[in-house]
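Observations on the model geometry
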Amino acid sequence: MKKNKKRIWIRIVAFCMSLVIAACSTAAADNVEAKTNTKLKVHFIDVGCGDSILIQYGSGAKAEYGMIDAGPVYYTKTNKKKVDTSNRARNYLKKQKITHLKFVLLTHLHQDHIGGMIKILDDPKIKIDTIYGNDFDLKVLQSSKNKNKQSASTAKLIKYRDDEGIYAQVIAKIQKKVKQKETTYVVPKAGDKVYLGNACLTFYGVINARYKYARRGDLNYRQVNKYSIVTRLTYKKNSFLFTGDAQKETIEQLVKKGYNLQAQVLKVPHHGMQDILKDSKKARSDHRYLFKKVKAKTAIISNGYKNSYKAPHKKTLNELKSADVYDTGSRGTIVVTSDGKRLSVKVQKKKGPSYKKTRKGKK
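Here's what I pulled together on the structure shown here. (Residues numbered from 1 in each chain as written. Predicted model: local features only at pLDDT ≥ 70, side-chain atom pairs only at ≥ 80, totals over all residues. Heavy atoms only, no water.)

Observations concerning helix α2 (residues 88-95)
Taken residue by residue, α2 has Ala-89, Arg-90, Tyr-92 and Leu-93 as its buried positions. Seen from one end, α2 has its buried residues packed into an arc of 160 degrees, which puts them on one side. Just past α2, the residue Lys-97 takes up positive phi, approximately 60 degrees. (Buried < 20%, exposed > 50% of the residue type's maximum accessible area, 1.4 Å probe, protein only. Helix = DSSP H or I, 4+ residues; strand = E, 2+ residues; numbered from the N terminus. Arc of directions from axis to C-beta.)

Here you go:
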């Protein structure tokens, strides 16, 4: 009898243990499933004719956020009226109830990419762990302010300063935050990485290169664009390439270094402007070299509604004919969502010009 009772108790204990193991296994499976279902969202914010991109990993209290650029203080419309956009990036963060950014990357020094940082830095409710960007003492080749007198022979390597003082304001506010130990400022090296959950952002710059002083248009302005910090975001099988206002020379440097530029989603540089090298109907966009390297299926253009540049330009769109193209100027904020395998696109405004490709590759 004692042996039988002992056997019964052993069976009962074994049964209970099996239930516990099953429960733990189910919980573990649920936990793994929850992790695999985590979404990555990239918000291309409508900030006018400029750039501001919010990267979101996960949702709710455990979500992690980073930002690339913060948009302009203003942009000019075709009727020459200035639109105040200084608070758009900050307002978007407030609307999303975001009070903590793991990082902010300022791709380059122009006000249409960094101007919105003034309002963000002034907001005590928004904490930023790290701010990445170019060296505050960055020297670039600059010639005469008169476009007609600009030339390589007169260009000098000088510390960058903008005429409106917006860059100086942003620097001063960042330096104050650093001094108060409220953030850190880092000039990233090529190959550096930062993570949001399982999503990885790789820096393809800063590359210390003395770019040639040449191109048509406002050469001083274009010269600064060449120092844009290009980054590539990956989440499992999905990939994004963020370019700031990178010019052809910037991309050529990255290709020489052997960086992988292929991505499913491309943030088109310079707001869809064509940056033509020659005054010719047959002339190619300066960005065609980039488009061929990236081979993106989705392209995002960040610009302002009825902007004075009349961007996106036709030549740029023609060279992006193999991709679905969305621009913030006509579609508002654009959110691309990744589950690690598939991508989906959501636009704020349903009405607007469509640049989506057809099955035959025609617009």
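This is not the end of the story, as more comes after the structure.
A look at helix α5 (residues 166-179)
Compared with an ideal rise of 1.5 Å per residue, which puts 14 residues at 20 Å, α5 spans 20 Å between its outermost C-alpha atoms and is within 8% of the ideal. Along α5, the positions that sit buried rather than exposed are Ile-166, Tyr-167, Val-170, Ile-171, Ile-174 and Lys-177. For α5, the arc enclosing every buried residue in end-on projection is 135 degrees, short of the 170-degree limit, so these residues lie on one face. Counted as exposed and oriented over 90 degrees from the buried face of α5: Lys-176 and Lys-179. Considering only its buried residues, α5 is in contact with α3 (111-114), α4 (117-122), β7 (127-132) and β10 (184-186). Just beyond α5, the residue with positive phi is Lys-181, at close to 60 degrees. (Expected span 1.5 Å × (residues − 1). Contact = heavy atoms within 4.5 Å.)

Considerations on a positive patch on the surface
Taken together, the side chains of Lys-39, Lys-41, Lys-346 and Lys-350 present a region of like positive charge at the surface. Here Lys-350 lies in the segment after β19 (343-347). (Patch = residues over 30% accessible without salt bridge, like charges linked within 9 Å, V, L, I, M, F, W, Y side chains within 5 Å. Areas by Shrake-Rupley, 256 points an atom, 1.4 Å probe, with all protein chains shown as cover. Salt bridge = Lys/Arg side-chain N within 4 Å of Asp/Glu carboxyl O. Lys, Arg positive; Asp, Glu negative; His and termini not counted. Charge placed at Lys NZ, Arg CZ, Asp CG, Glu CD.)

Focus: the sheet that holds strand β3 (residues 64-68)
Strand order in the open sheet made by the 8 strands is β10-β7-β6-β3-β2-β1-β18-β19, with mixed pairing throughout. The strands lining the two open edges of the sheet, one partner per strand, are β10 and β19. With strand direction ignored, the average angle separating the axes of adjacent strands in the sheet is 20 degrees. Examined bridge by bridge, strand β6 (residues 100-105) and β7 share 5 bridges and lie parallel to one another. Bridge pairing in β7 links Leu-105 to Tyr-132. Against the sheet, α2 touches β1 (40-44), β2 (53-57), β3, β6 and β18 (334-338), its axis set at about 20 degrees to β2. (Pairing = 2+ DSSP bridges. Axes fitted to C-alpha atoms, helices over the stretch in contact; angles between N-to-C directions.)

Re the pairing of β7
Pairing analysis gives 3 bridges linking β7 to β10, with the strands arranged parallel. Bridged to Tyr-132 within β10 is Val-186.

So, the sheet that holds strand β16 (residues 298-301)
Judged by pairing direction, the sheet is mixed, and its 7 strands sit side by side in the order β11-β12-β13-β14-β15-β16-β17 without closing on themselves. Of all the strands in the sheet, just β11 (193-196) and β17 (324-327) have a single pairing partner and so form its edges. The average undirected angle you get between the axes of adjacent strands in this sheet is 20 degrees. Sheet analysis places strand β14 (residues 238-242) next to strand β15 (residues 265-267), joined by 3 bridges and oriented parallel. In the strand pairing of β15, Phe-242 is matched with Lys-267.

Comments concerning the packing of aromatic side chains
For the coordinates displayed, the defined rule picks out 8 aromatic pairs. When the ring of Phe-103 is compared with that of Tyr-132, the centres are 6.4 Å apart and the planes differ by 70 degrees; the resulting orientation is edge-to-face. Within this pair, whereas Phe-103 is found in strand β6, its partner Tyr-132 is found in strand β7, the two being separated by 29 residues in sequence. Relative accessible area serves as the criterion here: at 1%, Phe-103 is assigned to the buried category. Taken together, a centroid distance of 6.2 Å and an interplanar angle of 15 degrees make the contact between Phe-240 and Phe-242 stacked. Taking relative accessible area as the criterion, Phe-240 reaches 0% and is therefore assigned buried. Classification of Phe-242 by relative accessible area gives buried; the value is 2%. One aromatic cluster is present, formed by Phe-44, Phe-240 and Phe-242 through successive ring pairs. Sitting over the ring of Tyr-74, Lys-82 keeps its end group 4.4 Å from the ring centre. The ring of Tyr-305 has Lys-349 lying over it, and the distance from NZ or CZ to the ring centre is 6.0 Å. (Phe/Tyr/Trp six-rings, centres within 6.5 Å; stacked < 30°, edge-to-face > 60°. Lys NZ or Arg CZ within 6 Å of the ring centre and 35° of its normal.)

Purely geometric numbers; function is a separate question.
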